[in-house]
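The lines below spell out each chain.
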Amino acid sequence: MSAARQLHLNLFVYPGGHHEAAWRYAGTDPDRLLDIAFYQELARRAEAAAFDGIFLADGPALADNVRYASRFRLEPFTWLSALAAVTDRIGLIATASTTYNEPYNLARLLASLDHLSKGRAGWNIVTTGAPQAALNFGLDAHPVHAERYARAHEFLDVVTRLWDSWEDTALVADPAGGLFADTDRIHTVDHAGPRLRVRGPLNTPRTPQGRPVYVQAGSSEDGRAFAARHAEAVFTAHQTLASGQEFYADIKARAKDEGRDPQHVLVLPGISPFIGSTEAEARALHEEFDALTQPAYSLQLLHRMLGLDLDEKDLDGPVPREAIDTGGERGAGSRFQVILDIIDREQPTVRQLLHRLAGARGHRVVTGTPEQVADQIQEWFENGAADGFNIMPPWLPGGFEVFADEVVPILRARGLFRSEYTGATLREHYGLPRPDSLYAAPREPVTAQPVPSTSARS
């Protein structure tokens, strides 16, 4: 009998927490936001709870609203390497852009993280939506949505071939025979495409996982097509069960149409929980955070997400739905549609919408007792809306500690989440197969023989 399906849980770390006012909350210590020991403690705590992975978002530009919130970025490869040094099992998922990186350098960074962590690396593949990033890379303008995704497809193909350029048996390391590497099993990539040219091979042997796990975030039409073809885990944002079910069914069907096993494409929505011993206590906590928000920050966020120019005198009036331009580059984004759906469904005032977005920028915020939070996780998991969740604590460390201490034991008691790890790599935690090299072909292993020191083949 096969084992019962179980949840996958990641800890999604934002400096201070996911609520925009987290850094102002008494339970947060903003002086530790650049202290690596703080993040190491979080990683060890998540590993003690047997979480699948810890995930760091990133972007190659400073947020416009950093004046009012802890929205700077931690470079994920450096940070996750430090977390790898103090953990043994938890996965380490780094965000990296296909728009503002080059395939060879990024392939090396992720391969190094996978070797360093003994097979725990994941790559959150993004195309970067921040227009201001262009000026940081010598570009006059940010590439349009469709062009970014076209580059992403080609970029991923190149990186995959670089990771596969060493077959698993290429590294021989036979001192007696004098053979360090079987160069017949190391392959050039020789890619010359419309946007990228890369010769290869990679200068690093194949990693413990074969390839780091491919994670993707984005639910637009282009994002869904990309996820179905490439992703092994999909980070997504949904406000309702019905929306989550539609996305889940669509991604699984598209993956099947691509000739893939839908079980090897995990759908992991974000969820940001406010937890109290009673529902009233949880609501009071949520309201305490919302009271700490600053309209100057929130209105700027609304402008960035929807293009609306409002000021504080508009806070208690209705959201001017008719003023929102649903076309153009902004309208193609999946988060834009999530927020538009909130407006159409709930018809909030501007202030109410700002509070809805303050908690997790369009991801689902749940407020209740540990049992109520567990109930909602179970409902989505058992009704075709999620394979697991990215847990987005409103503040750190307390928002995560209460989830780990009070919600996780309920999920375990219900048979929904592991009590301990059964594998050692992120692929094993996610139940994903280790892929063969694209270049691997059945052949007899090479016989180790002394090799002249001047021999060089590619």
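Residues numbered from 1 in each chain as written. Predicted model: local features only at pLDDT ≥ 70, side-chain atom pairs only at ≥ 80, totals over all residues. Heavy atoms only, no water.

1. Some remarks on the packing of aromatic side chains
Here the structure, examined in full by the defined rule, presents 19 aromatic pairs. Ring geometry for Trp 123 and Phe 155: centres 6.1 Å apart, planes at 50 degrees, overall tilted. With a gap of 32 residues between them, Trp 123 in strand S4 (residues 121-126) and Phe 155 in helix H4 (residues 145-164) connect regions that are remote in the sequence. Across the pair, exposure class does not vary: Trp 123 and Phe 155 are buried alike. (Phe/Tyr/Trp six-rings, centres within 6.5 Å; stacked < 30°, edge-to-face > 60°. Helix = DSSP H or I, 4+ residues; strand = E, 2+ residues; numbered from the N terminus. Buried < 20%, exposed > 50% of the residue type's maximum accessible area, 1.4 Å probe, protein only.)

2. Regarding the nonpolar core
Judged by nonpolar contacts, the single largest core of 72 residues is most densely connected at Phe 51, Trp 123 and Phe 403. Discounting chain neighbours no more than four positions away, the residues touching Phe 51 are Leu 9, Asn 10, Leu 11, Ala 46, Ile 90, Ile 391, Phe 400, Phe 403, Val 408, Phe 417, Arg 418 and Tyr 421. With 23 residues, the next largest nonpolar core counts Ile 93, Phe 235, Phe 274 and Trp 395 among its residues. (Core = buried A, V, L, I, M, F, W, Y, C linked by side-chain atoms within 4.5 Å. Contact = heavy atoms within 4.5 Å.)

3. Looking at helix H12 (residues 370-382)
Under the 1.5 Å per step criterion, the end-to-end length of H12 is 18 Å for 13 residues, consistent within 8% with the ideal 18 Å. Against helix H6 (241-257), strand S11 (266-275), strand S12 (364-368), strand S13 (388-391) and helix H13 (398-413) lie the buried residues of H12. The first or second residue beyond H12 is Gly 384, which carries a positive phi of 65 degrees. (Expected span 1.5 Å × (residues − 1).)

4. What about helix H2 (residues 76-84)?
Every buried residue of H2 is accounted for by Pro 76, Phe 77, Trp 79, Leu 80, Leu 83 and Ala 84. Axial view of H2: buried residues confined to an arc of 160 degrees, hence all on one face. Buried-residue contacts for H2 involve helix H1 (36-48), strand S2 (53-56), strand S3 (91-97) and helix H3 (103-116). One side-chain oxygen of the residue at the start of H2 lies 2.9 Å from the amide nitrogen of Phe 77, identifying that residue as Glu 75. (Arc of directions from axis to C-beta. Polar contact = N/O pair within 3.5 Å; in protein donor to acceptor, adjacent residues only side chain to side chain.)

5. Let's talk about the confidence of the model for the protein
Caution applies to low-pLDDT parts of the model: their predicted coordinates are not meant to be read in detail. In the predicted model, the protein carries a mean pLDDT of 91, and 94% of its residues have values of at least 70. Here residues 446-458 is modelled with pLDDT under 50, and outside its nearest four sequence neighbours on either side it reaches 21 contacts, counting other chains as well. (pLDDT = per-residue confidence, 0-100.)

6. Side note on the layout of surface pockets
In this structure, the second largest pocket spans a volume of roughly 600 Å³. Along its surface, the second largest pocket is lined by 20 residues, and Ala 4, Arg 5, Gln 6, His 8 and Gly 431 are the ones closest to its centre. Its residues placed into classes, the lining of the second largest pocket shows six nonpolar, eight polar and six charged. (1 Å grid on protein atoms, 1.4 Å probe; cavity = no way out; pocket = protein on both sides within 12 Å on 5 of 7 lines; lining within 4 Å. Points joined across faces, edges and corners; volume = space filled by probe spheres on them. Nonpolar A, V, L, I, M, F, W, Y, C, P; charged D, E, K, R; others polar.)

7. Considerations on the environment of Phe 12
Note on placement: Phe 12 falls in strand S1 (residues 8-13). Under the relative-accessibility criterion, Phe 12 is labelled buried at 7%. Distance in space between the C-alpha atoms of Phe 12 and Glu 258 is 29 Å, their sequence separation being 246 residues. Beyond its immediate chain neighbours, meaning those up to four positions away, Phe 12 contacts His 18, Phe 55, Ala 57, Arg 361, Asn 390, Ile 391, Met 392 and Pro 393.

8. Observations regarding the environment of Gly 178
If you trace the backbone, Gly 178 turns up in the loop between strand S5 (171-174) and strand S6 (179-181). A sequence separation of 146 residues divides Gly 178 from Arg 32, and the C-alpha atoms of the two residues are 51 Å apart.

9. Structural notes on the pattern of salt bridges
Pairing between side chains of opposite charge can happen when the charged atoms of each approach one another. Taken as a whole and judged by the stated rule, the model has 28 salt bridges. The salt bridge partner of Asp 157 is Arg 161, with a shortest N-O separation of 3.3 Å. Taken as a pair, Asp 157 and Arg 161 lie in helix H4 at a separation of four residues, close to a single helical turn. Residue Arg 161 is classed as partly exposed on the basis of its relative accessible area, which comes to 30%. (Salt bridge = Lys/Arg side-chain N within 4 Å of Asp/Glu carboxyl O.)

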